Amino acid sequence: MKFALAGNPNCGKTTLFNALTGSTAHVGNWPGVTVDRRTGLYKKLPERVEIVDLPGIYSLSPYSPEETVSRDFLLSGEPDVIVNIVDATNLERNLYLTTQLLETDIPVVVALNMADAVEREGGRLHPEKLAEALGVPVVAISALKNKNLDAVMKAAWEAASRPRAGTCVLEDTPYRPLYERALRLYREAGKDNPVFRTVKALEGDELEQKASPELFERVAGLKKEGMPANDFGDDFEGIMADQRYTYISARLSGAVTKKEGGEKLSGSDRADRVLTHRIWGIPIFLVIMFAVFHCTFS
């Protein structure tokens, strides 16, 4: 069995990978691309599980080699489950990738990492509410402190045995009729991960155009006929980004509660108040840059 770890850069994904695999980790490159490929074994389930640590990415669009190799691996049919690591201190930004992973037919488990940091700042996570909103298992963890790691792996193990169909944020929007007509084309053609491929065709994705040129052209024709009025013109990628964030905002309510009396400022927030001050920010920046150049060249 093979589990893929996917998430944004700096979400704690590699920390989780190291905690799960320990000394069994191996590092190499993806075939033909100089992007790190880490694989290791997790041995605490009924059978050994191969863990694949995908590069940190923000989306599954082909804007970088990391995004391309992650997308190709996920669509290859190799992973049995995607463990999506999400920085719980910055849910809205991190869940943007989650909405794309949910478009695939692969079982997904969301791991809310840094749950301890949320509690330390006076907040409280409600993973059960987010699980209900997203339709997939959600587990609060701390990769750094090895908290609930066995629980998230057990959830992934159980999810692997349940078939799953992709879901899309357009299902409750004015774009649903257009989306369903395009999706019907991909399903009739027998394509794998039809929801994901349909969305990419609507976005004008280059890789999808190369993979299914005829279907891509037919979807382009549907867009010309049935595009609802919007603020983005024919830029469907902009429409999708807007709809993803609307979907996330609607489902975040109740997933995190803040401590009464206001949110507790983190050390980073306190530093930002000084370093990005509207009056003192620029002088501080100039002093820091002078010190850097002085130490470098003197």
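Look up a bit, the structure's there.
Residues numbered from 1 in each chain as written. Predicted model: local features only at pLDDT ≥ 70, side-chain atom pairs only at ≥ 80, totals over all residues. Heavy atoms only, no water.

A. Structural detail: the overall build of the protein chain. Check the secondary structure of the protein chain and you find 13 helices and 9 strands. Taking 298 residues into account, the globule formula puts the C-alpha radius of gyration at 19 Å, and the protein chain, at 21 Å, falls close to it. Each principal axis of the C-alpha distribution contributes one length, and for the protein chain these read about 65 × 50 × 50 Å. Contacts in the protein chain between residues far apart in sequence, at least 24 positions, make up 68% of those at least 6 positions apart. Carbon and sulfur atoms make up 52% of the accessible area of the protein chain, which amounts to about 15,500 Å² in all. (Helix = DSSP H or I, 4+ residues; strand = E, 2+ residues; numbered from the N terminus. Rg over C-alpha atoms; globule rule 2.2 N^0.38 Å. Contact = heavy atoms within 4.5 Å. Areas by Shrake-Rupley, 256 points an atom, 1.4 Å probe, with all protein chains shown as cover.)

B. Region of interest: the packing of helix H3 (residues 91-101) against helix H11 (residues 236-252). One way to put it is that H3 packs onto H11 with a least axis distance of 9 Å and a crossing angle of 115°. The way H3 lies across H11 gives a crossing that is right-handed. Together, Leu91, Glu92, Leu95, Tyr96, Thr99 and Gln100 of H3 and Ala241, Arg244, Tyr245, Tyr247, Ile248, Ser249 and Leu252 of H11 make up the contact between the two elements. Tallied by class, residues from the contact of H3 with H11 come to 8 nonpolar, 3 polar and 2 charged. (Axes fitted to C-alpha atoms, helices over the stretch in contact; angles between N-to-C directions. Left-handed = near helix turned anticlockwise from the far one by under 90°. Nonpolar A, V, L, I, M, F, W, Y, C, P; charged D, E, K, R; others polar.)

C. Here's a closer look at H3. With 9 of 11 residues buried, H3 lies mostly within the body of the structure. For H3, every residue scored as buried is listed here: Leu91, Asn94, Leu95, Tyr96, Leu97, Thr98, Thr99, Gln100 and Leu101. (Buried < 20%, exposed > 50% of the residue type's maximum accessible area, 1.4 Å probe, protein only.)

D. Spotlight on the side chain of Asn8. Following the sequence through the fold, Asn8 ends up in the loop between strand S1 (2-7) and helix H1 (13-21). At 2.8 Å, the side chain of Asn8 forms a polar contact with the backbone oxygen of Ile57. Dropping the residues within four chain positions of it, Asn8 is found in contact with Gly56, Ile57, Tyr58, Ile85, Arg93, Asn94 and Leu97. (Polar contact = N/O pair within 3.5 Å; in protein donor to acceptor, adjacent residues only side chain to side chain.)

E. How the structure looks around the pairing of strand S5 (residues 81-87). With respect to burial, S5 is a largely interior element, 7 of its 7 residues being buried. Side-chain alternation along S5 places Val81, Val83, Ile85 and Asp87 on one buried face and Ile82, Asn84 and Val86 on a second face that is also buried. One ladder, built from 5 bridges, connects S1 with S5; its direction is parallel. Following the sheet pairing, Ala6 is matched in S5 by Asn84. Here S5 runs beside strand S6 (residues 108-113); their pairing, made up of 6 bridges, is parallel. (Pairing = 2+ DSSP bridges.)

F. Fine view of the nonpolar core. Counting 57 residues, the largest nonpolar core has Leu74, Leu112 and Leu170 as its most contacted members. Ignoring any residue separated from it by four or fewer positions in sequence, one finds Leu112 in contact with Val86, Ala88, Leu91, Leu125, Pro127, Leu130, Val138, Val139, Ala140 and Ile141. Listed in part, the 24 residues of the second largest apolar core include Leu16, Phe17, Val81 and Ala156. (Core = buried A, V, L, I, M, F, W, Y, C linked by side-chain atoms within 4.5 Å.)

G. Quick look at the pattern of salt bridges. Inspection of the entire model under this criterion finds 14 salt bridges. Here Arg181 makes a salt bridge to Glu225, at a shortest N to O gap of 3.5 Å. Of the two residues, Arg181 sits in helix H7 (residues 176-188) while Glu225 sits in helix H10 (residues 213-226), which places them 44 residues apart along the sequence. Arg197 is the partner of Glu208 in a salt bridge, and the nearest nitrogen-oxygen pair spans 3.3 Å. One end of the pair, Glu208, is in helix H9 (residues 206-211); the other, Arg197, is in helix H8 (residues 194-203), and 11 residues separate them in sequence. In the salt-bridge network here, residues are joined through shared partners; they are Glu103, Lys200, Glu203 and Arg244. (Salt bridge = Lys/Arg side-chain N within 4 Å of Asp/Glu carboxyl O.)

H. Structural detail: the packing of aromatic side chains. Taken as a whole and judged by the stated rule, the model has 3 aromatic pairs. Ring centres 5.9 Å apart and planes at 80° place the aromatic pair Tyr175 and Phe236 in the edge-to-face group. Placement of the pair is Tyr175 in the loop between helix H6 (149-160) and H7 and Phe236 in helix H11, with a sequence separation of 61 residues. Of the two residues examined, Tyr175 and Phe236, each falls in the buried class. When the ring of Phe293 is compared with that of Phe297, the centres are 5.9 Å apart and the planes differ by 20°; the resulting orientation is stacked. With Phe293 and Phe297 both in helix H13 (residues 281-297), this residue pair falls 4 residues apart, about one helical turn. Residue Phe297 is classed as exposed on the basis of its relative accessible area of 64%. Over the aromatic face of Tyr96 sits the side chain of Arg244, whose NZ or CZ is 5.8 Å from the ring centroid. (Phe/Tyr/Trp six-rings, centres within 6.5 Å; stacked < 30°, edge-to-face > 60°. Lys NZ or Arg CZ within 6 Å of the ring centre and 35° of its normal.)

Scope: geometric values only; no functional claims are made or implied.
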